[in-house]
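# Analysis of the macromolecular model
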Amino acid sequence: MKKKLSQLPSVDLLLEQEDIKIWQKNYTRELIKEKIKVVQDGIRANLLNDVDQDVSVEAVSQRVVEFLAQGVEPSLVPAINATGTVLHTNLGRALLAEEALDEMQAAGESFSNLEYDIDKGKRGSRYVHIQNILRELTGAEDALVVNNNAAAVLLILTSFAQRKEVLISRGELVEIGGSFRIPDVIESTGAILHEVGSTNKTHIKDYEKGINEETAALIRVHTSNYRLIGFTEAVSDRDFVQLAHDHGLPAFNDLGSGLLFDLQKLGLSYEPTVGEMIEADYDLVSFSGDKLLGGPQAGIIVGKKSYIEKLKSSPLLRALRTDKATIAALEATLRLYLNPEQAIEKIPTLKMISLSREDCAKKAQVLKEKIEARDSDFDLKIEPGYSQVGGGAYPGEQLPTSLLRIEHPKCNESRLERELRLSKNHIIARIDDGAVYFDLRTLLEGDYDLIAEALAQAVSN
Ligand SMILES: *Cc1c(COP(=O)(O)O)cnc(C)c1O
């Protein structure tokens, strides 16, 4: 093997190969040279380890071309979510409504009045665009949008509680996942965490006892990804806010998901809406754009004008601000909420949540037939099951769904799952009870043919 080392084609020779030369439209000559060297190093290392390698110019060129092609492939690629979890944080959370996608595209391809007041012909503010619609939908005096809800909490606490105490119930010291822990976030802002009450019970008198000269604010954090059940007690929002105001302190609420209307009509249990929290007189309420709202990643803050003004004057705001594409998508999503029926119909997150088990069974039947048409060896069964909302919303809530159970005599479940995941369209499915399962809730019409094709391909490999 080692004598092949000297036969390895040189960088200059490889650079002159036609199929490598054409990559000069994508890469500089220098970059191509570097990539050639990486390929050569790999081949050399193998030869030194007595692993045989084809060192002909054609074979090495081929490897260089493959390496060059890899370098221009996107890393962020679409995937098919067959897990049934509607807000799957690992798979990108909320899908956007068509209306939002259109506005996003428009914001990207043309200049806009992002920070320009068209009437006055002067500089304007990027924050005005969503202010009115948020006021209308929540009843709040004013609104501000930042990068995400974590940023919203950060901005609120740095603006109002630096070097001062923030009172919070021990039952609300939430970890959101991805190492975002409310206690850590509070402390990273320079605020001092003052825990009151116990994990399962916090009374109004616990908050009352906790208030002192150092107290800057009272905060509630929605326990969005877990539930306290059993012997529990929490203070009502009205009492909480009243106590804060009696002491001349602001009351904040990190609502997590942030519903704009009650989702009980979709069969989910009661969760407080943003409007209700404004009515309870919170000074600031924050929530995510890409959880149940079904919009782009954003942190939405609504509340009293004087408080929002203070947030707007924070030097931190510049670092947390949202991009024009986000503002465009969020505005379009929020407009759909002017009629909740329309929101459910057009916002994919709400639409998926609204599907009944029967709706999912109908979808399963269509998919089943498409798969059978390609390969009749598949053993397919439609079974009842449950899906999750996800995204830290509605913990433990089970949405009745229909699953397609998939087995094939020539391919076990773990191989099938892997083949689907690595296939061109990256189908992410569940494995349970010795079979691959597709939950129809999160599949889109356009996915069916791709799935049938990928399954047929998977078992033929
Ligand atoms: C999800 C969540 C956050 C973080 O929101 P992002 O928009 O993901 O930054 C903060 N607080 C609560 C209660 C949450 O549920």
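Residues numbered from 1 in each chain as written. Predicted model: local features only at pLDDT ≥ 70, side-chain atom pairs only at ≥ 80, totals over all residues. Heavy atoms only, no water.

## Some remarks on the overall build of the protein chain
Test applied: Secondary structure elements are defined from DSSP: runs of H or I of at least 4 residues count as helices, runs of E of at least 2 residues count as strands, and each element is numbered from the N terminus. Whether two residues are in contact is decided by their heavy atoms: any pair within 4.5 Å suffices. Method for areas: the Shrake-Rupley scheme with a 1.4 Å probe, in which residue coverage is limited to the protein chains shown.
A tally of regular secondary structure across the protein chain gives 19 helices and 17 strands. In terms of overall dimensions, the protein chain has C-alpha extents of about 85 × 55 × 50 Å along its principal axes. Across the protein chain, contacts joining residues at least 24 apart in sequence account for 74% of those joining residues at least 6 apart. Here the protein chain has roughly 22300 Å² of accessible surface; of this, 49% comes from carbon and sulfur atoms.

## Notes on unusual backbone geometry
The backbone of Arg-93 sits at a positive phi, close to 55 degrees, despite the residue not being glycine. One non-glycine residue, Asp-281, lies in positive phi territory at about 80 degrees. Summarising the element assignment, Asp-281 is placed in the loop between α11 (274-279) and β11 (284-288).

## Brief notes about the nonpolar core
Stated precisely, the cut-off is as follows: Here the nonpolar core consists of buried residues drawn from Ala, Val, Leu, Ile, Met, Phe, Trp, Tyr and Cys, with membership extended through side-chain atoms lying within 4.5 Å. Three exposure classes are used, based on accessible area relative to the maximum for each residue type with a 1.4 Å probe and protein chains only: buried under 20%, partly exposed in between, and exposed over 50%.
One finds Leu-218, Leu-263, Leu-292, Val-302, Leu-334, Tyr-337 and Val-389 to be the most contacted residues of the largest nonpolar core, which totals 58 residues. Leave out the neighbours within four places in its chain, and Leu-218 touches Leu-167, Tyr-207, Ile-211, Phe-240, Leu-243, Ala-244, Leu-249, Pro-250, Ala-251 and Phe-252. Counting 32 residues, the second largest nonpolar core, distinct from the first, contains Leu-155, Leu-157, Val-174 and Leu-311.

## Description of the UniProt feature "modified residue: N6-(pyridoxal phosphate)lysine" (unreviewed entry) in the protein chain
Threshold: UniProt positions are given in the numbering used here, feature names are shortened, and annotations may be inferred rather than shown by experiment.
Sites flagged by UniProt as "modified residue: N6-(pyridoxal phosphate)lysine" (unreviewed entry) map to Lys-291. Positionally, Lys-291 belongs in the loop between β11 and β12 (299-303). The buried category is assigned to Lys-291, whose relative accessible area is 6%. Once residues lying within four places of it in the same chain are set aside, the contact partners of Lys-291 are Leu-87, Arg-93, Ala-94, Ile-176, Gly-256, Ser-257, Thr-349 and Gly-391.

## What about empty space enclosed by the protein?
Keep this limit in mind: Any residue with an atom within 4 Å of a point lines the site, the site being either a cavity, points on a 1 Å grid over the protein atoms alone where a 1.4 Å probe fits but cannot get out, or a pocket, an open set with protein on both sides within 12 Å along at least 5 of 7 lines. Grid points are joined across faces, edges and corners, and a volume is the space filled by probe spheres set on the points. In this classification, Asp, Glu, Lys and Arg are treated as charged, Ala, Val, Leu, Ile, Met, Phe, Trp, Tyr, Cys and Pro as nonpolar, and every other residue, Gly included, as polar. Each domain's extent is set by a domain assignment, obtained either automatically or from a database.
Tallied over the entire structure, the rule returns 2 cavities of 30 Å³ or more. Quantified by volume, the largest cavity comes out at close to 80 Å³. Lining the largest cavity are 13 residues, and of these His-222, Leu-255, Ser-257, Gly-258 and Glu-271 lie nearest its centre. Taken together, the residues that form the lining of the largest cavity break down as 7 nonpolar, 5 polar and 1 charged. In this structure, the lining of the largest cavity is formed jointly by two domains, domain 2 (80-87 + 352-460) and domain 3 (98-340), each of which donates at least three residues.

## Here's the deal with the packing of helix α17 (residues 357-374) against helix α19 (residues 447-460)
The condition is simple: Note on geometry: axes are C-alpha line fits, over the in-contact stretch for helices, and angles between N-to-C directions span 0 to 180 degrees. For classification purposes, angles smaller than 35 degrees are called roughly parallel, those larger than 145 roughly antiparallel, those between 65 and 115 roughly perpendicular, and all remaining angles oblique. It is the rotation of the near helix from the far one that decides the hand of a crossing: anticlockwise by less than a right angle makes it left-handed, clockwise makes it right-handed.
Where α17 meets α19, the axes come as close as 9 Å, and the angle between the chain directions of the two elements is 40 degrees. Classified by the angle between their axes, α17 and α19 sit oblique to one another. Every pair of crossing elements has a handedness; the one defined by α17 and α19 is right-handed. Touching Lys-363, Val-366, Leu-367, Lys-370, Ile-371 and Arg-374 of α17 are Tyr-448, Asp-449, Ile-451, Ala-452, Glu-453, Leu-455 and Ala-456, all from α19.

## Here we look at the sheet that holds strand β13 (residues 379-387)
Put simply, the rule is: Any two strands with at least two DSSP bridges between them are considered paired.
The 4 strands lie next to each other as β13-β14-β17-β16, forming an open sheet whose pairing is antiparallel. The open sheet has two edge strands with one neighbour each: β13 and β16 (430-432). Geometrically, the sheet is characterised by an average inter-axis angle of 40 degrees between neighbouring strands, direction not taken into account. Relative to strand β14 (residues 399-407), β13 is paired through 9 bridges, and the arrangement is antiparallel. In the sheet register, Ile-382 faces β14, and the bridge partner there is Leu-404. Of the strands in this sheet, β14, β16 and β17 (435-439) touch helix α18 (residues 413-422), which is tilted by about 45 degrees from β17.

## So, the packing of aromatic side chains
What counts is decided by this rule: Pairing of aromatic rings covers Phe, Tyr and Trp, the last through its six-membered ring, and needs centres within 6.5 Å; plane angles under 30 degrees mean stacked, over 60 mean edge-to-face, and all others mean tilted. Only lysine NZ and arginine CZ atoms are considered, and such an atom sits over a ring when it is within 6 Å of the ring centre and within 35 degrees of the ring normal.
On inspection of all chains with the given rule, the structure shows 7 aromatic pairs. By way of ring pairs, the aromatic residues Phe-160, Phe-252 and Tyr-307 are connected into one cluster. The ring of Phe-67 has Lys-35 lying over it, and the distance from NZ or CZ to the ring centre is 5.0 Å. For Arg-220, the ring lying beneath its charged end belongs to Phe-240, and the centroid distance is 5.1 Å.

## Overview of the side chain of Gln-40
For Gln-40, the location among the structural elements is in helix α3 (residues 29-48). Sequence-distant contacts of Gln-40, defined by excluding residues within four places in its chain, comprise Leu-8, Pro-9, Ser-10, Val-11 and Leu-14.

## Some points on the domain arrangement of the protein chain
What the domain assignment lists for the protein chain is domain 1 (2-72), domain 2 (80-87 + 352-460) and domain 3 (98-340). Put simply, the middle of domain 1 and the middle of domain 2, counted by C-alpha atoms, are 41 Å apart.

## Overview of the environment of Gly-299
Positionally, Gly-299 belongs in strand β12. For the pair Gly-299 and Asn-149, spaced 150 residues apart in sequence, the C-alpha to C-alpha distance is 3.9 Å. Once you skip the residues sitting within four places of it in the chain, Gly-299 turns out to touch Leu-144, Val-145, Val-146, Asn-147, Asn-148, Asn-149 and Phe-287.

## With respect to the pattern of salt bridges
Here is the rule we go by: Put simply, a salt bridge is a Lys or Arg side-chain nitrogen that is within 4 Å of an Asp or Glu carboxyl oxygen.
Within this structure, the stated rule accounts for 33 salt bridges. One salt bridge in this structure joins Lys-424 and Glu-453, with 3.7 Å as the shortest N-O distance. With Lys-424 in the loop between α18 and β15 (427-428) and Glu-453 in helix α19, the pair connects residues that are 29 residues apart, well separated along the chain. Three or more residues are tied together by salt bridges with common partners; here these are Glu-16, Glu-18, Lys-21 and Arg-29.

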